[in-house]
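# Breakdown of the fold
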Amino acid sequence: MSMIETMEAEGGEAVSLHQRILSDISEKILSGAWAPGHRIPFEHELTTEYNCSRMTVNKALSQLAKAGLIERRRRSGSFVRQPQSQAAVLELHDIRIEVEALGLPYRYERLARLRRRSSADDRALLGLSAPGLVLSLECLHFAGQRPFAHEQRLINLAAVAEAGEEEFLGIAPGPWLIGRVPWSQAEHRIRATAADDHVAEALDIETGAPCLVVERRTWSAEHPVTHVRFIYPAESHTLVARFTPSQG
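Residues numbered from 1 in each chain as written. Predicted model: local features only at pLDDT ≥ 70, side-chain atom pairs only at ≥ 80, totals over all residues. Heavy atoms only, no water.

## What about the overall build of the chain?
This is how the line gets drawn: The numbering of helices and of strands both runs from the N terminus, where a helix is a DSSP run of H or I of at least 4 residues and a strand a run of E of at least 2. Only protein chains enter the calculation, and the probe is 1.4 Å; a residue is then buried if its accessible area is under 20% of its type maximum, exposed if over 50%, and partly exposed in between. Any pair of residues with heavy atoms lying within 4.5 Å of one another is described as a contacting pair. Note on areas: Shrake-Rupley, 1.4 Å probe, and residue coverage restricted to the protein chains presented here.
Of regular secondary structure, the chain possesses eight helices and 11 strands. Across the 248 residues of the chain, 41% fall into the buried class. When contacts within the chain are restricted to residue pairs at least 6 apart in sequence, long-range pairs at least 24 apart make up 60% of them. For the chain, the computed accessible surface area is about 14100 Å², with 51% contributed by carbon and sulfur atoms.

Here's what the structure looks like:
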C-alpha cells in the first residue's frame with residue numbers, strides 16, 4: 001500500500017484532499033495566475049469543488065494564511081496577499097535572496113547595456129573627478145510572474161575593467177561585482193518617489209504610483225566602483241535597520 005493510500009485508509013480522504021487544496025491554491029498564487037488581491041473562492045465553493053468537508057477547506061486556508069500566501073478577512077473572504085520583502089538598510093544584499101525568502105521563484109532580465117564615455121551626471125553619481133569609461137545597465141528582477149525591482153546601474157570601468165566584456169545576461173551585476181571586487185565602503189540613500197512612465201511600465205504599475213528608491217555607491221580602496229538605483233513598488237518592500245546604544 002502506498003503512503004497516500006495508507007493516509008487515506010487511516011485518516012480518510014480529508015488528509016489527501018487537504019494536501020491537494022494546498023497544492024492547487026499555492027500553484028495558482030506562485031505562478032502568478034492569481035495576482036495579489038485576487039479573491040480565493042469562498043469556503044463553501046471549495047467544499048463543493050473538492051467534495052470535502054468545510055473543516056478540510058478551513059485547515060488548508062489557515063495553513064496558507066500562516067505561510068503568508070493569503071490574507072483572511074472576516075466577512076469578506078480570503079485574498080492573495082501582496083508579498084512584502086524586508087531588506088536590511090546597511091547590508092549589500094542579493095535580490096535573489098530577498099525574493100526566495102518570500103517563497104517565490106526568482107528571475108532576472110537585462111533590459112539595456114551601454115558602454116560609453118561618462119557624462120557629467122555619471123561622474124556626479126559615481127563620485128569621479130575625471131572623465132572615463134562607464135558601463136550603464138538597466139535590469140528587472142522578478143518575483144514569480146510579477147516585476148519586483150527595477151535596477152539602474154553604472155559601473156566605473158577604470159575600477160572594474162572586466163565588466164566591460166560581461167554581457168550580464170545570465171547573472172545580475174550585483175552578485176557579479178560582489179564576487180569579483182572587494183568593497184571597502186558603501187553608502188545608501190533612501191527616498192520615496194512616484195513612478196514615471198518608464199518605471200511604471202517596467203514594474204507593471206500605474207504612472208505616479210508610490211515607489212521606494214534605494215541608491216547605493218560602493219568603493220574599493222578609495223576607488224568608486226558602482227552606483228546603483230533600485231526602485232520597488234512601495235507596498236511590496238520594507239527596509240529594516242537594527243541599532244545598538246552608543247557607547248560614547
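Next comes the rest of the write-up.
## Considering helix H3 (residues 43-50)
Our working definition: Picture the helix axis, draw a direction to every C-beta atom, and the arc is the one those directions span.
For H3, every residue scored as buried is listed here: Glu 43, Leu 46, Thr 47 and Tyr 50. Down the axis of H3, the smallest arc covering the buried residues is 105 degrees, so these residues share one side. Summarising the geometry of H3, the exposed residues directed more than 90 degrees from the buried face are Thr 48 and Glu 49. Downstream of H3 by a residue or two, Asn 51 has a phi angle that is positive, lying close to 50 degrees.

## Notes on the pairing of strand S6 (residues 133-143)
Under the convention used in this document: Here, a strand pair is defined by DSSP locating no fewer than two bridges between the strands.
Within S6, 10 of the 11 residues are buried, which leaves it mostly tucked inside the rest of the structure. Looking at chain direction, strand S5 (residues 106-117) and S6 are connected through 11 bridges and run antiparallel. Looking at the pairing, Arg 117 lines up with Leu 133 of S6. The pairing of S6 with strand S7 (residues 146-156) spans 10 bridges and is antiparallel. Bridged to Leu 135 within S7 is Ile 155. Linkage of S6 to S7, two consecutive antiparallel strands, is achieved through a turn of two residues, within which Gly 144 is found at a positive phi near 65 degrees.

## A word on the sheet that holds strand S1 (residues 39-40)
The criterion, for reference: Angular values range over 0 to 180 degrees, each being the angle between N-to-C directions of two axes fitted as lines to C-alpha atoms, with helices fitted over their stretch in contact.
Overall, antiparallel pairing links the three strands, which are arranged S1-S3-S2 in an open sheet. Sheet topology places S1 and strand S2 (70-73) at the edges, where each strand pairs with a single neighbour. Across four bridges, S2 lies against strand S3 (residues 77-80) in antiparallel orientation. Residue pairing for S3: Glu 71 is matched across the bridge by Phe 79. Helix-sheet contacts for helix H4 (residues 54-66) involve S1, S2 and S3, and the interaxial angle to S2 is about 120 degrees.

## A few points about H4
Each full turn of the α-helix corresponds to 3.6 residues, which orients residues three or four apart in the same direction. Stated precisely, the cut-off is as follows: By this rule the span expected of a helix is its residue count minus one, scaled by 1.5 Å.
Taking 1.5 Å per residue as the helical rise, H4 with its 13 residues ought to reach 18 Å, and the 18 Å between its terminal C-alpha atoms agrees with that figure. When we look at burial in H4, the residues that qualify are Thr 56, Val 57, Ala 60, Leu 61 and Leu 64. Projected onto a plane normal to the axis of H4, the buried residues spread over an arc of 130 degrees and lie on a single side. For H4, exposure combined with an orientation more than 90 degrees from the buried face picks out Met 55 and Lys 66. Just downstream of H4, Gly 68 is the residue with a positive phi angle, here 85 degrees.

## Concerning the side chain of Arg 153
This is how it is decided: What qualifies as a polar contact is a pair of N or O atoms within 3.5 Å, subject to a donor-acceptor requirement within protein and to the restriction that residues adjacent in sequence count only when both atoms come from side chains.
In this structure, Arg 153 sits in strand S7. Of the polar contacts made by the side chain of Arg 153, one reaches the side chain of Thr 226; its length is 3.2 Å.

## Some thoughts on the confidence of the model for the chain
How we decide: In predicted models, pLDDT denotes the confidence assigned by the predictor to each residue on a 0 to 100 scale.
Taken residue by residue, the chain gives an average pLDDT of 83. The fraction at 70 or more is 85%. Throughout residues 1-15 the model reports pLDDT below 50, and contacts reaching past four residues in sequence, or to other chains, amount to nine contacts. This stretch, residues 86-90, has a pLDDT under 50; its non-local contacts, to residues over four places away or in other chains, come to 16 contacts.

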